[in-house]
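Architecture and fold: a report
Residue strings, one per chain:
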Amino acid sequence: AKVEVEPGAGLSLQIAWVRPPEQRPDSRAKRRADLVERLGFSVLNRRLAQMARAADPPFIGAGAGSYEMLRSQEVTSLGVSAEPGRWRRALEAVEREQRRAVQYGVRQDELDREIEELRAAFKAAVAGAATRRPAELAGEIVSSLGEDLVVTSPADDAALFEAAVTGLKAAEVSAALKQSFTGSGPLVFVATPQPIE
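Rules used in this analysis
- Residue positions are given per chain, counting from 1 as you read along its sequence in written order.
- Reporting of local features is limited, given that this is a predicted model, to residues whose pLDDT is at least 70; pairs of side-chain atoms are given and counted only at 80 or more, and all residues count toward the totals for whole chains, interfaces and linings.
- Only hydrogens and water are set aside; all other atoms, that is, all heavy atoms of the structure, feed into the side-chain values.
- Secondary structure elements follow DSSP: runs of H or I no shorter than four residues count as helices, runs of E no shorter than two count as strands, and numbering proceeds from the N terminus.
- By definition, residues are in contact when any of their heavy atoms lie within 4.5 Å.
- Under the rule applied, a polar contact is a pair of N or O atoms within 3.5 Å (in protein, one hydrogen donor and one hydrogen acceptor; residues adjacent in sequence only if both atoms are side-chain atoms).
- In this analysis, axes come from line fits to C-alpha atoms, helices being fitted only over the stretch in contact, and the angle between any two N-to-C directions falls in the range 0 to 180 degrees.
- When describing relative orientation, an angle under 35 degrees is termed roughly parallel and one over 145 degrees roughly antiparallel, while 65 to 115 degrees is termed roughly perpendicular and anything else oblique.
- In a left-handed crossing the near helix is turned counterclockwise from the far helix by less than a right angle, and in a right-handed crossing that turn is clockwise.
- For this classification, the nonpolar set comprises Ala, Val, Leu, Ile, Met, Phe, Trp, Tyr, Cys and Pro, the charged set comprises Asp, Glu, Lys and Arg, and every other residue, Gly included, is treated as polar.
- The length a helix should cover is 1.5 Å for every residue beyond the first.
- Each residue is placed in one exposure class: buried if its accessible area under a 1.4 Å probe, protein chains only, is under 20% of its type's maximum, exposed if it is over 50%, and partly exposed if it falls in between.
- Note that the arc is computed from the directions linking the helix axis to the C-beta atoms.

Observations concerning the environment of G61
Of note, G61 is situated in strand β3 (residues 61–69). Through-space distance from the C-alpha of G61 to that of L48 is 7.5 Å; in sequence the pair is 13 residues apart. Those residues in contact with G61 that sit more than four places away from it in its chain are A52, G79, V80 and S81.

Written out as structure tokens, the structure reads:
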């Protein structure tokens with residue numbers, strides 16, 4: 001754990017798990033695996049958002065995700081914003097919900113809801129494909145070069161999505177989410193306006 005005191009700043013916590021990067025080439029299989037993991041995080045993030053909207057929330061906001069950092073490591077991170085005097089309650093609540101998700105997984109109804117949310121986003125992207133600005137397309141192409149990604153159209157993305165979620169079960173998403181929380185960790189970083197124990 002590391003605590004950084006920054007007077008005047010809000011209180012934030014980050015819990016991370018770090019492991020070697022996968023560095024697999026872009027493919028349908030990789031995109032499907034990334035989507036399955038993303039759906040797991042979507043379920044967890046919806047649960048955390050519901051906790052933040054409760055009558056006496058343990059934290060202001062929280063979110064989880066996974067990303068590759070500079071091709072050197074894969075990081076799964078839980079970020080939390082909390083009131084300064086309530087850091088312990090925030091940390092305990094987020095850690096408890098993360099453990100619950102890893103131990104018990106996601107439910108099929110939760111997964112189905114997230115699939116529908118993403119489906120709507122893909123449909124909107126397909127509908128707006130003709131109105132994309134050239135600068136956006138150029139930016140997408142340029143950024144894909146450094147990451148060895150294949151640029152695909154919104155229609156291709158939607159088709160890949162539908163193929164990936166057809167028959168997708170909560171057990172597979174739960175396993176992917178559980179795998180995301182492996183590696184060195186949990187590592188805890190706290191930025192706080194005043195010293196804490």
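Structural notes on the side chain of D26
When you line up the elements, D26 lands in the loop between β2 (11–19) and α1 (28–52). In terms of polar contacts, D26 uses its side chain to reach the side chain of R31, at 2.8 Å. Not counting chain neighbours up to four residues away, the residues in contact with D26 comprise R31, D148, L149 and V150.

Here we look at the packing of helix α3 (residues 108–127) against helix α5 (residues 154–165)
Closest axis-to-axis distance for the α3/α5 pair is 8 Å, and the angle between their directions is 160°. By the criterion of interaxial angle, the relationship of α3 to α5 is roughly antiparallel. α3 and α5 meet at a crossing whose hand is left-handed. Contacts between α3 and α5 pair I115, L118, R119, F122, A125 and V126 from the former with P154, A155, D157, A158, F161, E162 and V165 from the latter. Its residues assigned to classes, the contact of α3 with α5 comprises ten nonpolar, no polar and three charged.

Let's talk about α5
Between its first and last C-alpha, α5 extends 16 Å over twelve residues, near the 16 Å set by a 1.5 Å rise per residue. Among the residues of α5, P154, A158, F161, A164 and V165 are the ones counted as buried. Along the long axis of α5, the arc covered by the buried residues comes to 125°, so they all point the same way. On the buried face of α5, the contacting elements are α1 and α3. Among the residues trailing α5, G167 stands out with phi positive, at a value near 75°.

Considerations on helix α2 (residues 87–104)
Taking 1.5 Å per residue, 18 residues should reach 26 Å; α2 reaches 26 Å between its end C-alpha atoms and fits that length. Among the residues making up α2, those that are buried are W87, A90, A93, V94, E97, Q98, A101 and V102. Considered in projection along α2, the buried side chains sweep an arc of 165° and stay on one side of the axis. Turned more than 90 degrees off the buried face of α2, the exposed positions are Q103 and Y104. Those residues of α2 that are buried lie in contact with β2, α1, β3, β4 (73–82) and α6 (170–180). Following α2 by one or two positions, G105 has its phi on the positive side, about 75°.

Worth remembering: the numbers are spatial, not functional.
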